[in-house]
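Here are the chains, one letter per residue:
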Amino acid sequence: MRIDGNTIKLLRIPFSFFLMPLFLFAYSQADTVVHRQALFAFLIIHLLIYPASNGYNSYVDRDEDSIGGLEKPPMPTVSLFYLTIFLDFTAIVLAMLFVNTLFAGCLLFYIAASRAYSSRQIRLKKYPVAGFLVVVIFQGAFTYYMSIAGVSGNALVLNEEHIYVLLGCSFQIAGAYPLTQIYQHKQDLKDGVVTLSYKLGYIGTFLFTALMFLLCNVFYYLYFTSNDLGMVFYIIQVFFAPIVLYFSYWFYKVWKDRSEANFRNTMRMNWIAAICMNSCFIILIIINRIPLSYISAIETAVPEYCYSQEALASFYLKSTDDLTNKRKIKIVAGKTGIDNRYSVIADFDKSPEDYEFFNKTTTLLPEPTLSKRMQIYQRHATKLSRSAIEKIKGFEQIKNTLTHLITVTCTGLFAPGLDVELMRELDLNPTIQRSSVNFMGCNAAIIALKNADAICKSQPGAKVLVVCTELCTIHFQKRYNDDYLLSNLIFGDGSAAVLVTAEPEQHYLQAVEIDTFNSLILHNGYSDMAWQLSETGFIMNLSSYVPDLIRKNIKPMMSKIGLAAEDFKHWAVHPGGKRIVDDFAAALELDKCHLAPTYQVLKNYGNMSSPTVLFVLKEVLEKAKPENAGNRIFTAAFGPGLSIETMQLHYV
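Per-chain numbering applies: the sequence of each chain, read as written, is numbered from 1 onward. For this predicted model, a pLDDT threshold of at least 70 governs which residues receive local features, and a threshold of 80 or more governs which side-chain atom pairs are given and counted, while totals over whole chains, interfaces and linings are taken from all residues. Excluded from the side-chain calculations are hydrogens and water; all other atoms, namely the structure's heavy atoms, are used.

*Asks:* I would appreciate a short explanation of unusual backbone geometry in the present structure.
*Replies:* Negative phi values dominate among residues other than glycine, just as trans dominates among peptide bonds. The omega torsion of the bond from L365 to P366 falls at -10°, within 30 degrees of zero and hence cis. One non-glycine residue, D427, lies in positive phi territory at about 55°. Numbering goes from the N terminus for both helices and strands, where a helix is a DSSP run of H or I of at least four residues and a strand is a run of E of at least two. If you trace the backbone, D427 turns up in the loop between α16 (418-426) and β5 (433-438). Residue classification places D427 among the exposed residues on the basis of a relative accessible area of 54%. Each residue is placed in one exposure class: buried if its accessible area under a 1.4 Å probe, protein chains only, is under 20% of its type's maximum, exposed if it is over 50%, and partly exposed if it falls in between.

Spelled out as structure tokens, the structure:
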């Protein structure tokens, strides 16, 4: 078999550019993309299947006048026929080896339809309606379906929204196909082919095309709005505008002079349409395939023991006989803005003789050792974490799809750690990727979410479970300096679990997309918030200067990164203490009602360290309304160093 230049020319490989839009559209809309398979599917369709179909049509028709892509086609030889067979066979083999069997099966159907359309034995193209329908179905809806199979490896589920897009694709081809035949009427009639375009006539073809594209737009509108992507539909209209303008101009010319319905004007129409539609769908690919991350669920849990602030202050008061210390405890307790806190310790409202954790004396001496405190941590941290995680809706169904687990804590450590314990207790996939954020304090949740965000944006399909669990009350210390007056009277226990995903899930009224993170270390607050290990537990430095530092720096920090308070409708701020929240609001000139969720969490739970900001964010997200779409959320938390961590989100 000798293959010469004319044989290659009759494959009309450049013509594949005109047939690319639907593949690119499918690539942009596929729920999942297997990039290696998608690349092979693209090459197989556009470099093998379409050229083989073109070549077979040229071999059978033996055109002497202009055909699509060739103004003066050469005469075919038998080599062209054998080459098309080879291309089809190669396409099926490569599809089986490098894509998937569903895609290969679709190729077989497409090849069969293409041959039935052109072959002398069946010759569907000679029937105006049957030929039209074959092209519309197979180059429209079927090509989209086949492309989805190649891109994702899955069959397209034929639900309502997908029926819309399939109809849109078919009407797109229904509009384009008769227009490509408008200059071939005489040549087709000589070959015994009566096309729909010939039946419609020159003016009728243009009117029919306009109607088909109108219906195409109707179904695309229904498809995108059913997916809450109405804006994408309007983006498409921008790219379709040049097509409509040239189509109108060409229609006007044909109306005045039928000779304008010629090969060159048809090819100009093809080029304009292909460039605009390919550009449009490439933009959609960029929009849809830019990796994103979403907060898909937040659930929280607290221990079984709930104490009023009065009960906890009373416990603290009984530990000292010093009247000055007692007075300071009462004053600070009354200013915290806290009503209740939770603890894994059962002792705080008991008589000394009933204590289980503390020494059975009012003086609490000797204090529990670090070892004893860590034993309590190990006993309760996993249980409390599970309580939060298992509240995630449908967790049993999604747990085997989790790709990463990030645990966060600064109040206890053991090995194997909390991550391994949760894997065992929850029966998670043993290959799940684990990491931990330890000893980073109250803003560690945002640091963990930053890691989860990076994972989702680098790994399509990632699902990251972030678990923040703190048992602050096990570090109660019999100390009365200013640092411990604060820490003993504001900290509580709690856990929060967050599901961060690369694709939005329907846990909230609107999807919550993570935008950006920003950090600031205030070195002049280095010693104002810190943890230290001691023989009797963790020693806390929490000075009264922390609110001042935050108040003086939060607005300059936001200004430096180009943000202003008015940019945000919703706020999820870590309630490190009432004065911190008050000063935060004052610094940004926010009405305190904007921080209502922060004050509410402080009132009901106190400061639980890392999970606290997630308690606040949960309150914010669960109060979302339909009109919040597009609104932005600012999240901030404060930790040792002194460090400020912020996260920006928005409702999609």
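Having seen the model, we can carry on.
*Asks:* What should I look at first to understand helix α18 (residues 482-490) in this one?
*Replies:* Along α18, seven of the nine residues are buried, which leaves the element largely enclosed by surrounding structure. Among all positions of α18, only D483, Y484, L485, S487, N488, L489 and I490 are buried. Where α18 begins, the capping side chain belongs to N481, and its oxygen is found 3.0 Å from the backbone nitrogen of Y484. Polar contact criterion, stated in full: a pair of N or O atoms within 3.5 Å, where within protein one must be able to donate a hydrogen and the other to accept it, and residues adjacent in sequence count only if both atoms are side-chain atoms.

*Asks:* I'm lost on the nonpolar core in this one. Help?
*Replies:* As a rule of thumb, soluble globular proteins bury nonpolar side chains together. F25, I44, F103, L107, Y144, Y220 and F224 are the most contacted members of the largest nonpolar core, which totals 89 residues. Considering every element that reaches this core, the biggest residue donor is helix α11 (residues 263-289), with eleven residues. Two residues qualify as a contact provided that any one of their heavy atoms is within 4.5 Å of a heavy atom in the partner residue. Ignoring anything within four residues of it in the chain, the contact list for L107 reads I44, I45, I49, A91, I92, A95 and M146. By nonpolar core is meant a set of buried Ala, Val, Leu, Ile, Met, Phe, Trp, Tyr and Cys residues that side-chain atoms within 4.5 Å join together.

*Asks:* Would you mind going over the sheet that holds strand β8 (residues 512-521) with me for this structure?
*Replies:* The strands making up a sheet are joined through hydrogen bonds of the backbone, oriented either antiparallel or parallel. One open sheet accounts for nine strands, arranged β5-β4-β6-β7-β1-β8-β13-β12-β11; its pairing is mixed. Two strands lie at the open edges of the sheet, namely β5 and β11 (570-573), each paired on one side alone. Going from strand to strand, the sheet's axes swing by 25° on average, the running direction of each strand aside. Note: strand β1 (residues 294-301) against β8, two bridges, orientation antiparallel. Bridged to I295 within β8 is V512. Packing of helix α14 (residues 370-389) onto the sheet brings it into contact with β1, β4 (404-409), β6 (463-471) and β7 (493-501), and relative to β6 it is tilted by some 135°. Simply put, an axis is a line fit to the C-alpha atoms, just over the touching stretch for a helix, and the angle between two N-to-C directions goes from 0 to 180 degrees. Along the sheet, helix α20 (residues 578-587) contacts β11 and β12 (632-639); its crossing angle with β12, the most-contacted strand, is approximately 135°. At least two DSSP bridges between two strands are needed for those strands to be called paired.

*Asks:* I'm lost on the pattern of salt bridges in this one. Help?
*Replies:* Where side chains of opposite charge bring their charged atoms close, a pairing between them can arise. Should a side-chain nitrogen of Lys or Arg be within 4 Å of a carboxyl oxygen of Asp or Glu, the pair is scored as a salt bridge. Evaluated as defined, the whole model comprises 18 salt bridges. Between E260 and K253 there is a salt bridge, with the nearest N and O atoms lying 3.5 Å from each other. Relative accessible area serves as the criterion here: at 22%, K253 is assigned to the partly exposed category. D582 is the partner of K578 in a salt bridge, and the nearest nitrogen-oxygen pair spans 3.0 Å. Of this pair, K578 and D582 are both found in helix α20, four residues apart, which corresponds to roughly one turn of the helix. Take K578: its relative accessible area is 31%, and that puts it in the partly exposed class. D582 gets classed as buried once you look at its relative accessible area, which sits at 15%.

*Asks:* Looking at this structure, how should I read a nonpolar patch on the surface?
*Replies:* The residues that make up patches have over 30% relative accessible area and no salt bridge, and they are joined within 9 Å when like-charged or within 5 Å when they are Val, Leu, Ile, Met, Phe, Trp or Tyr. Accessibility throughout is a Shrake-Rupley quantity obtained with a 1.4 Å probe, and a residue counts as covered only by protein chains that appear here. Where nonpolar side chains cluster on the molecular surface, the patch consists of I3, I8, I13, L39, L43 and L47 and spans about 480 Å² of accessible area. Examining the composition of the nonpolar patch, we find that three residues originate from one element, helix α3 (residues 35-61), more than from any other. By relative accessible area, I8 is classed as partly exposed at 41%.

*Asks:* What exactly am I supposed to notice about the pairing of β8 here?
*Replies:* On a regular strand, one side chain projects to one face of the sheet and the next to the other, so that they alternate. As defined by bridge partners, β8 adjoins strand β13 (residues 643-651) across nine bridges and the pair is classed as antiparallel. From the neighbouring strand, V512 faces β13, where its bridge partner is Y651.

*Asks:* I would appreciate a short explanation of the environment of R632 in the present structure.
*Replies:* By secondary structure assignment, the location of R632 is in strand β12. For R632, a relative accessible area of 25% gives the class partly exposed. With 66 residues separating them in the primary sequence, R632 and E566 have C-alpha atoms 10 Å apart. In contact with R632, other than residues within four places in its own chain, are L563, D567, F568, K569, H570, Q648, L649 and H650. Within polar-contact distance, the side chain of R632 engages the side chain of Q648 at 2.9 Å.

*Asks:* Can you help me understand the side chain of H650 in this one?
*Replies:* Tracing the backbone shows H650 in strand β13. Judged by its relative accessible area of 18%, H650 falls in the buried class. In terms of polar contacts, H650 uses its side chain to reach the side chain of D515, at 2.9 Å. For H650, the contacting residues outside a window of four places in its chain are A511, V512, E513, D515, G630, N631 and R632.

By themselves, these are just geometric observations and shouldn't be taken as functional.
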